[in-house]
Amino acid sequence: MKQRTDPMHERYLAHIRSRRVSTIVGIIAIALGYSLLAVPPDTSQEWVLVRVVLGFIFILVGFVMAVVPLLGSLFGTND
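Because the structure is predicted, anything quoted here is derived from the model rather than measured.

Student: I'd love a proper account of the overall build of the protein chain, names of residues and values included.
Tutor: A count of helices and strands for the protein chain gives 2 helices and 0 strands. Radius of gyration (C-alpha) of the protein chain: 19 Å, far over the 12 Å computed for a compact globule of 79 residues. Residue burial in the protein chain is summarised as follows: out of 79 residues, 15% are buried. Sequence separation of 24 or more characterises 64% of the internal contacts of the protein chain that already satisfy a separation of 6 or more. Here the protein chain holds 7 positive side-chain charges and 5 negative ones, and the gap between their average locations is 14 Å.

Okay, here's the thing in structure tokens:
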């Protein structure tokens, strides 16, 4: 016997899945940002500036994607 699935429950599960994917992508972006900030000593000065700027951008984007929703769920926001 096949039961009808509740559309609200399916929407909730899709929201949870997308939030988990967003968190994983955010953590990967943070790791990539920190790896870009690890500049070897023999790197030319122009590339150091590019790597540092990109590193901080990736860390900021990763923070927004991963940490902000986790903090929101801890403090009781719905989104």
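So that's the structure; there's more coming.
Student: Account for the side chain of Thr23, with residues named and values stated.
Tutor: Along the polypeptide, Thr23 turns up in helix H1 (residues 7-37). Apart from residues lying up to four places away in sequence, Thr23 is in contact with Met65, Ala66 and Leu70.

Student: Please set out the packing of H1 against helix H2 (residues 45-75) residue by residue, giving values where relevant.
Tutor: One can describe the packing of H1 onto H2 by two numbers: an axis separation of 7 Å at closest approach and a directional angle of 150°. Comparing their axes, H2 and H1 come out roughly antiparallel. As for how H1 packs across H2, the hand of that crossing is left-handed. Among the residues forming the contact of H1 with H2, the class breakdown is 19 nonpolar, 8 polar and 2 charged.

Student: Which residues make up H2, and what values do they have?
Tutor: Compared with an ideal rise of 1.5 Å per residue, which puts 31 residues at 45 Å, H2 spans 43 Å between its outermost C-alpha atoms and is within 8% of the ideal. Maximal helix bending in H2 amounts to about 35°, located at Phe63. Those residues of H2 that fall on the buried side of the exposure criterion are Gly55, Ile59, Gly62, Ala66, Pro69 and Gly72. Tucked inside the fold, the buried residues of H2 contact H1.

Parameters at a glance
- Counting of residues starts from 1 at the beginning of each chain's written sequence and follows it residue by residue.
- In keeping with the model being predicted, local features are shown solely for residues with a pLDDT of at least 70 and side-chain atom pairs are shown and tallied solely at 80 or more, while totals for entire chains, interfaces and linings include all residues.
- Based on all heavy atoms of the structure, the side-chain values leave hydrogens and waters out of the count.
- A run of H or I in DSSP becomes a helix once it reaches four residues, and a run of E becomes a strand once it reaches two; helices and strands are each numbered from the N terminus.
- For a compact globule the rule gives 2.2 Å times the number of residues to the power 0.38, and the radius of gyration it is set against comes from C-alpha atoms.
- The classification of residues rests on relative accessible area computed with a 1.4 Å probe and restricted to protein chains. Under 20% of the type maximum is buried, over 50% is exposed, and intermediate values are partly exposed.
- The contact criterion used is simple: two residues touch if any of their non-hydrogen atoms lie within 4.5 Å.
- A residue counts as positive if it is Lys or Arg and as negative if it is Asp or Glu; His and the chain ends are not included.
- Just so you know, the charge point we use is NZ for Lys, CZ for Arg, CG for Asp and CD for Glu.
- For helices, the fitted axis covers only the stretch in contact; all axes are lines through C-alpha atoms, and the angles between them, taken along N-to-C directions, range from 0 to 180 degrees.
- Throughout this description, any angle smaller than 35 degrees is read as roughly parallel, any larger than 145 degrees as roughly antiparallel, any in the 65 to 115 degree range as roughly perpendicular, and the remainder as oblique.
- Put simply, a crossing is left-handed when the front helix is turned counterclockwise from the back one by less than a right angle, and right-handed when it is turned clockwise.
- Residues are grouped as follows: Ala, Val, Leu, Ile, Met, Phe, Trp, Tyr, Cys and Pro are nonpolar; Asp, Glu, Lys and Arg are charged; every other residue, Gly included, is polar.
- One less than the number of residues in a helix, times 1.5 Å, gives the span that helix is expected to have.
- The reported bend at a residue is simply the angle between two axes, fitted to the 7 residues ending at it and to the 7 residues beginning with it.

Read these as layout, nothing more, since geometry by itself doesn't imply function.
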